[in-house]
Amino acid sequence: MNGQAYYEFYRRSTIGTSLADALDTLIVDQRIQPQLAMKVLTNFDRVTSENLKDVKSKMSFKGHLHTYRFCDDVWTFVIKDVNVKLDDGETVNVEKFKIVACNSRRAGDS
């Protein structure tokens, strides 16, 4: 790795929490060291971030803004009663929709 830092918020996704749970189990069972688990999570952050750059899908949504905040250069929006239209025309209704938006470059990156 080149030492570049990646955001860790994908760890809170369903697949990220599943990975963390599996790694915790392996640590408790003494099958891996905690340092290896941290390397796996760091690699997960990097690979997820790099692969999501290539996604070209679009969607639109409409709902009621419930909460928003701006902290540490990261915007977070929680939207309730959301109608989501995917680029293939499919429509999905969800109770709660969370958007986390940040700069593509972290502070101090060149």
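Bear in mind the structure is a predicted one, so any value in this text is a computation, not a measurement. (Residues numbered from 1 in each chain as written. Predicted model: local features only at pLDDT ≥ 70, side-chain atom pairs only at ≥ 80, totals over all residues. Heavy atoms only, no water.)

### Considering the environment of Arg12
Part 1: By the element assignment, Arg12 lies in the segment before helix H1 (14-28).
Part 2: The exposure class of Arg12 is exposed, given its relative accessible area of 68%.
Part 3: Expressed as a C-alpha distance, the spacing of Arg12 and Gln35, which sit 23 residues apart in the sequence, is 20 Å.
Part 4: Discounting residues that sit within four places of it in the chain, Arg12 has contacts with Thr17 and Lys98. (Helix = DSSP H or I, 4+ residues; strand = E, 2+ residues; numbered from the N terminus. Buried < 20%, exposed > 50% of the residue type's maximum accessible area, 1.4 Å probe, protein only. Contact = heavy atoms within 4.5 Å.)

### Overview of the pattern of salt bridges
Part 1: A full pass over the atoms with the stated rule returns three salt bridges.
Part 2: Between Glu8 and Arg11 there is a salt bridge, with its nearest N and O atoms 3.8 Å apart.
Part 3: For Glu8, a relative accessible area of 47% puts it in the partly exposed group.
Part 4: Between Arg46 and Glu50 there is a salt bridge, with the nearest N and O atoms lying 3.2 Å from each other. Of the two residues, Arg46 and Glu50 both sit in helix H2 (residues 34-52), four residues apart, roughly one turn of that helix. (Salt bridge = Lys/Arg side-chain N within 4 Å of Asp/Glu carboxyl O.)

### Observations regarding the UniProt feature "domain: Transcription initiation factor IIA gamma subunit C-terminal" (unreviewed entry) in the chain
Part 1: Taken from the UniProt record, the annotation "domain: Transcription initiation factor IIA gamma subunit C-terminal" (unreviewed entry) applies to residues 62-104.
Part 2: Counted over residues 62-104, helix gives 0% and strand 81%. Its end C-alpha atoms are 25 Å apart. (UniProt positions renumbered as here; feature names shortened; annotations may be inferred.)

### Brief notes about the domain arrangement of the chain
Part 1: Domain boundaries assigned for the chain yield domain 1 (9-52) and domain 2 (60-105).
Part 2: Inter-centroid distance (C-alpha atoms) of domain 1 to domain 2 is 25 Å. (Domains from an automatic or database assignment.)

### With respect to the UniProt feature "domain: Transcription initiation factor IIA gamma subunit N-terminal" (unreviewed entry) in the chain
Part 1: With numbering aligned to this structure, UniProt lists the feature "domain: Transcription initiation factor IIA gamma subunit N-terminal" (unreviewed entry) at residues 6-52.
Part 2: Structurally, residues 6-52 is divided into 72% helix and 0% strand, and its ends, taken at the C-alpha atoms, are 13 Å apart.

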